[in-house]
Amino acid sequence: MTLSDASLGVVGIVDAVTRRLRVQILAGDIAAGTALTEAKVSEMFGVARPSAKAAIEQLVASGLVVRTAHRSARVVAIDAAMVRDVYRTRTRLESAALRELAAMKRVPLDAAAANAEILAMPQGPDPATVGPDLRFHTALIDAVGSERTSRMYRSVLDEVRLCMAQVQGRRLLDAQVISAQHAEILDAVAAGDGDHAAALLAAHLGSAEERLVEALGE
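Fair warning: this is a prediction, and the values are worked out from it, not measured in the lab. (Residues numbered from 1 in each chain as written. Predicted model: local features only at pLDDT ≥ 70, side-chain atom pairs only at ≥ 80, totals over all residues. Heavy atoms only, no water.)

Novice: Describe the confidence of the model for the protein, with residues and values.
Specialist: For the protein, the mean per-residue pLDDT works out to 87, and 89% of the residues sit at or above 70. Highest mean pLDDT in the protein belongs to helix 6 (residues 109-119) (96); lowest belongs to helix 1 (residues 5-8) (48). (pLDDT = per-residue confidence, 0-100. Helix = DSSP H or I, 4+ residues; strand = E, 2+ residues; numbered from the N terminus.)

Novice: Lay out the environment of G33 in plain terms, naming residues and giving numbers.
Specialist: Turning to its location among the elements, G33 is positioned in the loop between helix 2 (13-26) and helix 3 (38-45). What makes G33 partly exposed here is its relative accessible area of 32%. Linking G33 and A73, residues 40 residues apart in sequence, is a C-alpha distance of 9.0 Å. Dropping the residues within four chain positions of it, G33 is found in contact with R74 and V75. (Buried < 20%, exposed > 50% of the residue type's maximum accessible area, 1.4 Å probe, protein only. Contact = heavy atoms within 4.5 Å.)

Novice: I'd like to hear about the packing of helix 6 against helix 10 (residues 175-190), residue by residue, with values.
Specialist: Direction vectors running N to C along helix 6 and helix 10 enclose 155°, while the axes themselves pass 8 Å from each other. Judged on the interaxial angle alone, helix 10 and helix 6 are roughly antiparallel. Helix 6 and helix 10 meet at a crossing whose hand is left-handed. Contact residues: A111, A112, N115, I118 and L119 in helix 6; A175, Q176, I178, S179, H182, A183 and L186 in helix 10. (Axes fitted to C-alpha atoms, helices over the stretch in contact; angles between N-to-C directions. Parallel < 35°, antiparallel > 145°, perpendicular 65-115°, else oblique. Left-handed = near helix turned anticlockwise from the far one by under 90°.)

Novice: Explain the nonpolar core to me, and be specific about the residues and the numbers.
Specialist: Counting 61 residues, the largest nonpolar core has I25 and V41 as the members making the most contacts within it. Here the element with the most residues in this core is helix 5 (residues 80-104); it accounts for nine residues. In this structure, V41 is in contact with V17, L21, L36, V47, A52 and I56, ignoring residues within four places of it in sequence. (Core = buried A, V, L, I, M, F, W, Y, C linked by side-chain atoms within 4.5 Å.)

Novice: Account for the pattern of salt bridges, naming residues and giving values.
Specialist: Any two side chains of opposite charge can pair, so long as their charged atoms come close to each other. Enumeration over the complete set of coordinates arrives at ten salt bridges. Note that R67 and E57 form a salt bridge whose closest N and O atoms lie 2.5 Å from each other. Taken together, the positions of R67 in the loop between strand 1 (65-66) and strand 2 (74-75) and E57 in helix 4 (residues 49-62) put the pair ten residues apart, joining distant regions of the chain. Taking relative accessible area as the criterion, R67 reaches 42% and is therefore assigned partly exposed. (Salt bridge = Lys/Arg side-chain N within 4 Å of Asp/Glu carboxyl O.)

Novice: Tell me about helix 2, and please be specific about residues and values.
Specialist: Under the 1.5 Å per step criterion, the end-to-end length of helix 2 is 20 Å for 14 residues, consistent within 8% with the ideal 20 Å. Turning to helix 2, its buried residues are A16, V17, T18, L21, I25 and L26. (Expected span 1.5 Å × (residues − 1).)

Novice: Describe the environment of G192, and please don't skip the residues or the numbers.
Specialist: Looking at where G192 falls in the secondary structure, it is placed in the loop between helix 10 and helix 11 (194-216). Look at G192 and you get partly exposed, because its relative accessible area is 33%. With 89 residues separating them in the primary sequence, G192 and A103 have C-alpha atoms 5.6 Å apart.

Novice: Tell me about the packing of helix 10 against helix 11, and name the residues and values.
Specialist: At a minimum axis distance of 8 Å, the contact between helix 10 and helix 11 shows a crossing angle of 165°. One finds that helix 10 runs roughly antiparallel with respect to helix 11. Two packed elements cross with a definite hand, and for helix 10 against helix 11 that hand is left-handed. Between helix 10 and helix 11, the contacting residues are I178, Q181, H182, E184, I185, A188 and V189 on the first element and H196, A197, L200, L201 and H204 on the second.

Novice: Tell me what's going on with the side chain of S179, and back it up with residues and numbers.
Specialist: Mapping S179 onto the fold places it in helix 10. For S179, the contacting residues outside a window of four places in its chain are N115, I118 and L119.

Below, the structure is given as structure tokens:
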């Protein structure tokens with residue numbers, strides 16, 4: 001599909017190509033390990049090679065694409081080491097946020113609303129939980145009110161989403177279990193117990209981490 005300034009409006013060509021590639025990678029339409037050369041991306045979207053190169057670099061920066069010496073950029077392949085690092089990075093950032101929120105007994109409304117969406121879903125594993133699940137956790141970070149903390153968290157969001165899509169794509173977690181664990185975390189925040197909220201979060205994320213690592217067979 002050719003992209004042009006006219007069809008994109010105010011959105012830049014590079015951002016549009018990046019967004020399209022990102023959606024396809026996260027959906028699994030572009031498989032892990034697939035080479036993304038400038039020529040290939042240029043042909044896919046009918047854009048100039050410099051635009052294709054810039055889009056690839058944005059995906060490298062987000063962690064969805066890796067570039068090694070003397071090799072083309074390739075879609076990242078999830079392995080146990082990546083999963084553990086991603087989930088533990090999340091735990092560090094979100095635990096700190098929960099302790100701050102608990103000190104103020106502040107329950108983010110956006111987190112509660114996202115969890116209500118999950119609660120309303122049918123029982124059983126469902127890939128549709130990824131969206132509201134991610135909004136729940138992002139709301140905890142954003143509620144701290146730190147632009148830099150939010151920016152730091154968002155720098156790993158694509159890798160987080162990729163891992164979460166793998167967890168729910170493999171139907172490893174029940175929507176009702178996710179919702180119940182989220183509710184316990186928010187209750188601990190409302191009670192002002194930051195340590196308990198952080199412990200609940202660690203167990204919540206740790207369960208998803210271990211299930212995905214086990215499913216990967218590593």
